[in-house]
Protein chains: 2
Amino acid sequence: MALRHAILSALSRGIPKNGYELNAIFNDHDERAWNASPSQVYSELTKMQKLGLIEVSERTERRATNYVLTDDGRAELERWLTQDEPDHTIRDDVVMRLLSMWILDETTARHLIEAEITFQRRRERALRNKLDTSAQLAEDARVWRNRRAVHVLWLAQTATMISWLEGLITILDDPDAPVDDTLAALLSSEPVSSPRA
Amino acid sequence: MALRHAILSALSRGIPKNGYELNAIFNDHDERAWNASPSQVYSELTKMQKLGLIEVSERTERRATNYVLTDDGRAELERWLTQDEPDHTIRDDVVMRLLSMWILDETTARHLIEAEITFQRRRERALRNKLDTSAQLAEDARVWRNRRAVHVLWLAQTATMISWLEGLITILDDPDAPVDDTLAALLSSEPVSSPRA
DNA sequence: CTTGTCATGTAAAAGGTTACATGATTAG
DNA sequence: CTAATCATGTAACCTTTTACATGACAAG
């Protein structure tokens, strides 16, 4: 029941949302706490409505069905946060690939790492842009600060990944390069610059 | 077919493994590229054997069935690495919780963040320990270096997370603290110390 | 008047978890 | 001889993806 809590979380900000808007959130690669396919979102919304966690707030002319949280929905969100243990399970396709990469020849391996660097750089730009442009709108100050903090985390993680991937190319090229020093040095030497800098 | 490639990757190191050993890998919280439940691993192994991706190398007295890669298995691993696009999909329960946390009162929120810091510190210790103790055994040098590099990445990511969580407590306590500066400063000021230091 | 975006679904299949069941071997 | 660990599975259920289908509205 994980998407359920992601939807509750998205609706908890008070702004009514329809399935299409929620899908936009769950498919934005740079707003990446959770993702889901459209069909899953629509069927989950129907289930949640039947359970009384959300209710229809408005039907726009364009046949969009907007939902808001009910009191039960808000209670469930709180229960989840305070009662359920966080799930630290990880399924990281990218790292799995990097772990398997030694079976390839060096040229191919380097190409793959470079492709990943390109991807991460794109993400870095997108996040930096988001931080630079996002102004505090009608939202609650706490909501806004919280979301902004998460974006800073993602930016830092992306920067770490890029430095590390660059180090990986170095140790791939040079079989004598010390793994720990090469990577640890890179990770600490390149500070995360302030998003506005 | 994601677990399939995780298993191919685990067997690609040449050492025959049985279902139980693979399960140990996929359930070790600190060896965390992928995880899976025992029943899933056993049924996937059966399927893979039928498809000819792996074959039984030995049955030990203790009724354990050891598997090794076939040529087809190795080819499939290579095809996956070079032909399939990396899956950058993310489902991060922890970040989703942190994004929703503003609905709680400050005391409860701080407790949750502190619990997460405790968890991350435990992981940091485990990873540091792994890096300190793991010696290069019979394994190929490239395999060993690759795995070690990934451990360094995980250690760096954990360290980033801890610093960030500490910063999050600061901005939670002080509604006037600037989000960007508070977090960005923390992220760049605390370098990842060398694992042997 | 046609293409793109908005908007919502259904059905089938694949991927993954949980609960349960079983039994051998080893360490204390 | 008893508990822990090793070792493998089945069945039911839940979660997620993929492919398909539909149609309104807006912009060019």
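Rules used in this analysis
- Residues numbered from 1 in each chain as written.
- Chains lettered and ligands numbered in written order.
- Predicted model: local features only at pLDDT ≥ 70, side-chain atom pairs only at ≥ 80, totals over all residues.
- Heavy atoms only, no water.
- Least-squares fit on C-alpha atoms with pLDDT ≥ 70 in both.
- Contact = heavy atoms within 4.5 Å.
- Near = heavy atom within 4 Å.
- Polar contact = N/O pair within 3.5 Å; in protein donor to acceptor, adjacent residues only side chain to side chain.
- Helix = DSSP H or I, 4+ residues; strand = E, 2+ residues; numbered from the N terminus.
- Salt bridge = Lys/Arg side-chain N within 4 Å of Asp/Glu carboxyl O.
- Buried < 20%, exposed > 50% of the residue type's maximum accessible area, 1.4 Å probe, protein only.
- Domains from an automatic or database assignment.
- Buried area = accessible area lost by both parts, 1.4 Å probe.
- Nonpolar A, V, L, I, M, F, W, Y, C, P; charged D, E, K, R; others polar.
- Pairing = 2+ DSSP bridges.
- Arc of directions from axis to C-beta.

- In the annotation of an unreviewed UniProt entry, chain A is listed under the name PadR family transcriptional regulator and assigned to Labedella populi.

Here we look at the relation of the copies chain B and chain A
And then number 1: For the pair chain B and chain A, the relating rotation is 180°, the translation along its axis is 0.0 Å, and the fit reaches an RMSD of 0.0 Å. The superposition of one copy onto the other is thereby described by a two-fold rotation axis. Proximity to the rotation axis, assessed at the C-alpha, singles out B:Gln157 in chain B; its C-alpha lies 3.3 Å from the axis.
And then number 2: A high fraction, 100%, of the interface residues of chain B reappear at the interface in chain A, so the copies pair face to face through one surface.

Quick look at the protein's contact with DNA strand D
And then number 1: Taken together, 17 residues form the shell around DNA strand D, and within it A:Met1, A:Ser39, A:Arg63, B:Tyr20 and B:Thr65 come nearest.
And then number 2: Across the atoms of DNA strand D situated within 4 Å of the protein, the share located in sugar and phosphate is 64%.
And then number 3: Between DNA strand D and B:Gly19, the relevant distance is 3.2 Å, taken from a phosphate oxygen to a main-chain nitrogen or oxygen of the residue.
And then number 4: Secondary-structure elements contributing two or more residues to the surface near DNA strand D are helix 3 (38–50) of chain A together with helix 2 (19–27) and helix 3 (38–50) of chain B.

Overview of the pattern of salt bridges
And then number 1: Applying the stated criterion across every chain, the model contains 24 salt bridges over all chains.
And then number 2: Salt-bridge contacts for B:Glu31 lead to B:Lys130; the nearest nitrogen and oxygen are separated by 3.2 Å. Placement of the pair is B:Glu31 in the loop between helix 2 and helix 3 and B:Lys130 in helix 6 (residues 106–133), with a sequence separation of 99 residues.
And then number 3: Accessibility expressed as a relative area gives 18% for B:Glu31, which makes it buried.
And then number 4: A residue is classified by how much of its surface remains accessible, and B:Lys130, at 25% relative accessible area, is partly exposed.
And then number 5: Here the salt bridges do not stand alone but share partners, grouping A:Arg4, A:Glu44 and A:Lys47 into one network.

Things to note about the domain arrangement of chain A
Residue and element names in this part refer to chain A.
And then number 1: Considered domain by domain, chain A is made up of domain 1 (3–83) and domain 2 (93–187).
And then number 2: Here domain 1 and domain 2 have C-alpha centroids that lie 30 Å from each other.
And then number 3: Facing 7 residues of domain 1, the contacting portion of domain 2 comprises 11 residues.
And then number 4: Both faces combined, the contact of domain 1 with domain 2 buries some 870 Å², and carbon together with sulfur accounts for 46% of it.
And then number 5: Our count for the domain 1 to domain 2 interface comes out at 3 salt bridges.
And then number 6: For Lys-130, the salt bridge goes to Asp-28, with nearest N and O atoms at 3.1 Å.
And then number 7: Scanning the region where domain 1 abuts domain 2 turns up 4 residue pairs in polar contact (both at pLDDT 80 or more).
And then number 8: Classifying every residue of the side of domain 1 that touches domain 2 by side-chain character gives 1 nonpolar, 1 polar and 5 charged.

A closer look at the protein's contact with DNA strand C
And then number 1: Residues in contact with DNA strand C amount to 19 residues; listed here are only the nearest, A:Tyr20, A:Thr65, B:Met1, B:Ser39 and B:Arg63.
And then number 2: Each atom of DNA strand C within 4 Å of the protein was classed as base or backbone; sugar and phosphate made up 69%.
And then number 3: A:Arg91 has a polar side-chain atom sitting 2.8 Å from a phosphate oxygen of DNA strand C.
And then number 4: The set of elements that each furnish at least two residues to the surface near DNA strand C consists of helix 2 (19–27) and helix 3 of chain A together with helix 3 of chain B.
And then number 5: Here the residues of the surface near DNA strand C sort into 7 nonpolar, 7 polar and 5 charged.

Topic: the pairing of strand 2 (residues 65–69) of chain A
Residue and element names in this part refer to chain A.
And then number 1: Where burial is concerned, most of strand 2 is hidden: 5 out of the 5 residues are buried.
And then number 2: With burial as the criterion, each face of strand 2 is covered, one bearing Thr-65, Tyr-67 and Leu-69 and the other bearing Asn-66 and Val-68.
And then number 3: Here 5 bridges tie strand 1 (residues 54–59) to strand 2, and the two strands are oriented antiparallel to one another. Looking at strand 2, one finds that Ile-54 is bridged to Leu-69.
And then number 4: Following strand 1, the chain reverses through 5 residues before pairing antiparallel with strand 2; Arg-63 in that reversal takes a positive phi of roughly 60°.

Quick notes on the interface of chain B and chain A
And then number 1: Contact with chain B, which involves 81 residues of that partner, is made by 81 residues of chain A.
And then number 2: Carbon and sulfur atoms supply 64% of the area buried between chain B and chain A, which totals about 7600 Å² over both sides.
And then number 3: There are 2 salt bridges connecting chain B and chain A.
And then number 4: The salt bridge involving B:Asp180 is made with A:Arg148; its shortest N-O contact spans 2.8 Å.
And then number 5: At the junction of chain B and chain A, the tally comes to 34 residue pairs in polar contact (both at pLDDT 80 or more).
And then number 6: Residue assignment for the side of chain B that touches chain A shows that the elements contributing at least two residues are helix 1 (2–11), helix 4 (71–83), helix 5 (93–100), helix 6, helix 7 (141–173) and helix 8 (179–189) of chain B.
And then number 7: It is helix 7 of chain B that provides the largest number of residues to the side of chain B that touches chain A, a total of 18 residues.
And then number 8: The residue makeup of the side of chain B that touches chain A, split by class, is 42 nonpolar, 16 polar and 23 charged.

Description of helix 2 of chain B
Given 3.6 residues per turn, any residue in an α-helix points the same way as the ones three and four places further on.
Residue and element names in this part refer to chain B.
And then number 1: Buried within helix 2 are the following residues: Gly-19, Leu-22, Asn-23 and Phe-26. Each buried residue of helix 2 sits inside an arc of 105° when the element is viewed along its axis, so together they form one side.
And then number 2: One side-chain oxygen at the N-terminal end of helix 2 lies 3.0 Å from the backbone nitrogen of Tyr-20; it belongs to Asn-18.

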